[in-house]
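# Structural features, examined
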Amino acid sequence: MIDIDWVRQQFPALQQNMVFMDNAGGSQTLKSVMNRITQYLTECDVQLGASYATSADAGGRLHEATEALAEWFNAAHMEEIVVGGSTTQLLRNLSLCISQQWQPGDEVIITNSDHEANMACWRDLQKQGIVVKTWRINPNTLQLDIDALKAMMSERTRLVAVTHASNILGTINPIQEIADTVHQHGALICVDGVAYVPHRPIDVRAWDVDFYTFSTYKTFGPHQAIMYGKLAVLEAMPGINHGFIKTVPYKLQPGNFNFELTYALPAIMDYLMDLGGSTQPAVNKRRDGLLAGYAAIAHYEEKLAGQLLDYLNDHPKVRIIGCPQADKQLRVSTISFVHRSLSSQDIVTRMDTYNIGIRYGDFYAVELIDDLGLREKEGVVRVSLVHYNTPTEVEKLIQAFEAIL
Ligand SMILES: Cc1ncc(COP(=O)(O)O)c(C=O)c1O
């Protein structure tokens, strides 16, 4: 399904003698993305909103880019797209704005399997009297149990913050079902899609989520992040920009956003569509093309993950932290494990000599690592595969593990 030689040619960095398997930390960037950054800076690097031709041109290009991004989320309105420097920043801004509508005693629920980005900004609201509760994964199944969420929700619950896929476990959470539960209780849902979007398509309308964020530097693009917010909810919220700026998304984007990076992002979508076999990035075919591209990715990554999981499942000294099956419905290809006697640090340090980039630690999912009692192991060893990795690379990794583990 995937023409892997073509795929790898699209990423200049993959021509080096290095195996990149820390992709959930940061993925490699498409050449087409780099080209569009250069194109913007070369052709229309001016301030927006002026009447002269180059400014109008720049504004038009960013309008088109934002429309495309809305389609990536399957959002109904381009005003629902907020861009920012990082997911951490976007979620912090969101918490500062939306919490102004809340009263002391109102409640927020966070999970213990999230990255700090979708925890700390909510936890810090305790200083203003917001009650923060933690929805913990079942330690046996390592899954979030929806009945446990139902039991935690009250008429004071204002928001539930949850990750779509854990950046350690790789598990895909049933976001639509969680969103239904949250809405039945009259609250909002804020989803961290950072570990999910490099692997699977977004559909904010089908899932009916209120906020959804991801970081484009883990999705084959530059260091930038995007947040979707439901229009009515964004409109009702106070902003964080200059007081006279009342319109969305501008009231949530303090100062200028990064024009050249935003302009570059649709190149990722065009690439995904090419992967799915589309030859024309015709606007009305974008969504189908994107879905086809992601379907090819999911199929390919399931096999890649299966290759590694088969090895790890059979290893007598290894414990996989997360779903042991490669099933694309259940997990993405971010795979973590610990070793019975070696620390995670020892394993990764030894791996460095093989020119294979993997990583160990808590990956800022601090609470998850502590709750699972994995701090003394120096966290987990994480191998995060994406669709540009190859079976040959996975085999090289397995050979290295054979020597190390
Ligand atoms: C699951 C998850 N959420 C959020 C973030 C934070 O992203 P950013 O660096 O864009 O703030 C990360 C970064 O590692 C992540 O893995």
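All of the points below concern the structure found in this document. Keep in mind the model is a prediction, meaning the values are calculated, not measured. (Residues numbered from 1 in each chain as written. Predicted model: local features only at pLDDT ≥ 70, side-chain atom pairs only at ≥ 80, totals over all residues.)

## Examining the overall build of the chain
- Looking only at helices and strands, the chain has 15 helices and 13 strands in total.
- Its C-alpha atoms give the chain a radius of gyration of 21 Å, near enough to 22 Å, the size a compact globule of 405 residues would have.
- By its C-alpha atoms, the chain is 65 × 50 × 30 Å across when sized along the principal axes. (Helix = DSSP H or I, 4+ residues; strand = E, 2+ residues; numbered from the N terminus. Rg over C-alpha atoms; globule rule 2.2 N^0.38 Å.)

## A closer look at the packing of helix α11 (residues 266–275) against helix α12 (residues 286–314)
- In the contact formed by α11 and α12, the axes pass within 7 Å of each other and the chain directions differ by 65°. In terms of axis orientation, α11 runs roughly perpendicular to α12. For the pair α11 and α12, the sense of crossing is left-handed. Along the contact surface, α11 presents Met-269, Leu-272, Met-273 and Leu-275, while α12 presents Arg-286, Gly-289, Leu-290, Gly-293, Tyr-294, Ala-296 and Ile-297.
- When the residues that make up the contact of α11 with α12 are grouped by side-chain class, the tally is 8 nonpolar, 2 polar and 1 charged. (Axes fitted to C-alpha atoms, helices over the stretch in contact; angles between N-to-C directions. Parallel < 35°, antiparallel > 145°, perpendicular 65-115°, else oblique. Left-handed = near helix turned anticlockwise from the far one by under 90°. Contact = placed C-beta atoms within 7 Å. Nonpolar A, V, L, I, M, F, W, Y, C, P; charged D, E, K, R; others polar.)

## Some details on α11
- Of all the 10 residues making up α11, 9 are buried; the element is thus mostly covered by neighbouring parts of the structure.
- When α11 is considered as a whole, its buried residues turn out to be Pro-266, Ala-267, Ile-268, Met-269, Asp-270, Tyr-271, Leu-272, Met-273 and Leu-275.
- Those residues of α11 that are buried lie in contact with α2 (31–43), α3 (53–73), α10 (259–264) and α12.
- At the C-terminal side of α11, Gly-277 shows a positive phi close to 95°. (Buried ≥ 20, exposed ≤ 12 C-beta atoms within 10 Å, placed from the backbone.)

## Re the nonpolar core
- Counting residues in each nonpolar core, the largest one holds 122 residues, and the members touching the most others are Ile-189 and Ile-268.
- A per-element tally of this core places α12 first, with 8 residues.
- Counting the residues that make up this core, at least three belong to each of domain 1 (4–30 + 290–404) and domain 2 (33–271).
- Ignoring any residue separated from it by four or fewer positions in sequence, one finds Ile-189 in contact with Val-160, Val-162, Ile-178, Ala-179, Val-182, Val-209 and Asp-210. (Core = buried A, V, L, I, M, F, W, Y, C linked by C-beta atoms within 7 Å. Domains from an automatic or database assignment.)

## Section: the site of the ligand
- Near the ligand there are 14 residues, and of these Ser-86, Thr-88, His-115, Val-194 and Ser-215 occur at the shortest range.
- Class assignment for the residues of the shell around the ligand results in 6 nonpolar, 7 polar and 1 charged. (Near = placed C-beta within 6 Å.)

## Focus: the sheet that holds strand β10 (residues 334–339)
- One open sheet accounts for 4 strands, arranged β9-β10-β13-β12; its pairing is antiparallel. The open sheet is flanked by β9 (318–320) and β12 (359–361), the only strands paired with a single partner. Put simply, the sheet's adjacent strands are angled 35° from each other on average, direction ignored.
- Sheet analysis places β9 next to β10, joined by 3 bridges and oriented antiparallel. Counted as the bridge partner of Ile-320 is Phe-337 from β10.
- Along the sheet, helix α13 (residues 344–351) makes contact with β10, β12 and β13 (380–384), crossing β12 at roughly 160°. (Pairing = 2+ DSSP bridges.)

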